[in-house]
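Summary of the model geometry
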Amino acid sequence: MKMNQEAFTDLVAFIHEQSRRYEVPITLDTSIENDLGATGDDGEELILKFSKRYNVNIDNFYFTKYFYPEPFVSKMPEKIEILSVGHLLKAIEAGRLDDEVING
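What comes next concerns the included structure. Throughout this description, residue numbers start from 1 for each chain and increase along the sequence as written. In view of the model being predicted, local features appear only for residues whose pLDDT reaches at least 70, and side-chain atom pairs are presented and counted only at 80 or more, with totals across whole chains, interfaces and linings using the full set of residues. The side-chain quantities take in all heavy atoms of the structure and omit both hydrogens and water.

1. As for unusual backbone geometry
Unusually for a residue other than glycine, R20 sits at a positive phi of about 60°. Note on placement: R20 falls in the loop between α1 (5–19) and α2 (40–54). By relative accessible area, R20 is classed as exposed at 61%. In the Ramachandran plot, N55 falls in the positive-phi region, its phi being about 55° despite a non-glycine side chain. Within the secondary structure, N55 sits in the loop between α2 and α3 (63–66). Each helix is a run of DSSP H or I of at least 4 residues and each strand a run of E of at least 2, with the numbering of both proceeding from the N terminus. Only protein chains enter the area calculation, which uses a 1.4 Å probe; residues under 20% of their type maximum are buried, those over 50% are exposed, and those in between are partly exposed.

Spelled out as structure tokens, the structure:
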């Protein structure tokens, strides 16, 4: 995938602003959950703001597949899928965030 540097730079600034994890170097492989600690409601809020900011359709994005739930709210799944910054960049280009874009 040829990276749009301007879109990537803007996305990095957005992620730093939302996560407040300015010390974490962000690359295309940075995991939203594992590296930035956006989990449960925080992860959902980040994706909702991402969707609004970049006009990305998230109707077919399944939060529970990519984010652990809030602790003590429900049973923790054994494993979640990785959602990376690179996936978000692909979603901006595609105009939607779903399994097809993520895995494509």
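Anyway, onward from the coordinates.
2. What about the pattern of salt bridges?
Salt bridge, as used here: a side-chain nitrogen of Lys or Arg that lies within 4 Å of a carboxyl oxygen of Asp or Glu. Counting across every chain of the model gives six salt bridges. Here D98 ties to R96 by a salt bridge, and the two come within 2.8 Å at their closest N and O atoms. Taking relative accessible area as the criterion, D98 reaches 10% and is therefore assigned buried. Overlapping salt bridges bring together R96, D98 and E100 as one network.

3. Considering the side chain of H87
For H87, the location among the structural elements is in helix α4 (residues 85–94). Given the relative accessible area of 15%, H87 is considered buried. Polar side-chain contacts of H87 include one of 2.9 Å to the backbone nitrogen of S84. Contacts are assigned to residue pairs with any non-hydrogen atoms lying within 4.5 Å of each other. Apart from the residues within four sequence positions on either side, H87 is in contact with I82, L97 and I102. Counted as a polar contact is a pair of N or O atoms within 3.5 Å, where, for protein atoms, one must be capable of donating a hydrogen and the other of accepting one, and residues adjacent in sequence contribute only when both atoms are in side chains.

4. Structural notes on the environment of I92
Relative to the helices and strands, I92 resides in helix α4. Placed twelve residues apart in sequence, I92 and G104 show a C-alpha to C-alpha distance of 14 Å. Leaving out residues up to four positions away in the same chain, I92 has contacts with L11, F50, Y54 and V56.

5. Quick look at α1
Each residue after the first adds 1.5 Å to the expected span of a helix. With 15 residues, α1 should reach 21 Å at 1.5 Å per residue; the first-to-last C-alpha distance of 21 Å fits that figure. Among all positions of α1, only F8, L11, V12, F14, I15, H16 and S19 are buried. Here the buried face of α1 lies against α2 and α4. Capping the start of α1 is the job of one residue whose side-chain oxygen sits 3.0 Å from the backbone nitrogen of E6: N4.

6. So, the nonpolar core
Among the nonpolar cores identified, the biggest contains 27 residues, and I32, L83 and L97 are the most heavily contacted of them. Sorting the residues of this core by element identifies α1, α2, α4 and α5 (99–103) as the ones contributing at least two each. At five residues, the largest contribution of residues to this core is made by α1. Beyond its immediate chain neighbours, meaning those up to four positions away, L83 contacts T30, S31, I32, I47, F61, Y66, F67, L88, L97 and I102. To define a nonpolar core, start from buried Ala, Val, Leu, Ile, Met, Phe, Trp, Tyr and Cys residues and group those joined through side-chain atoms within 4.5 Å.

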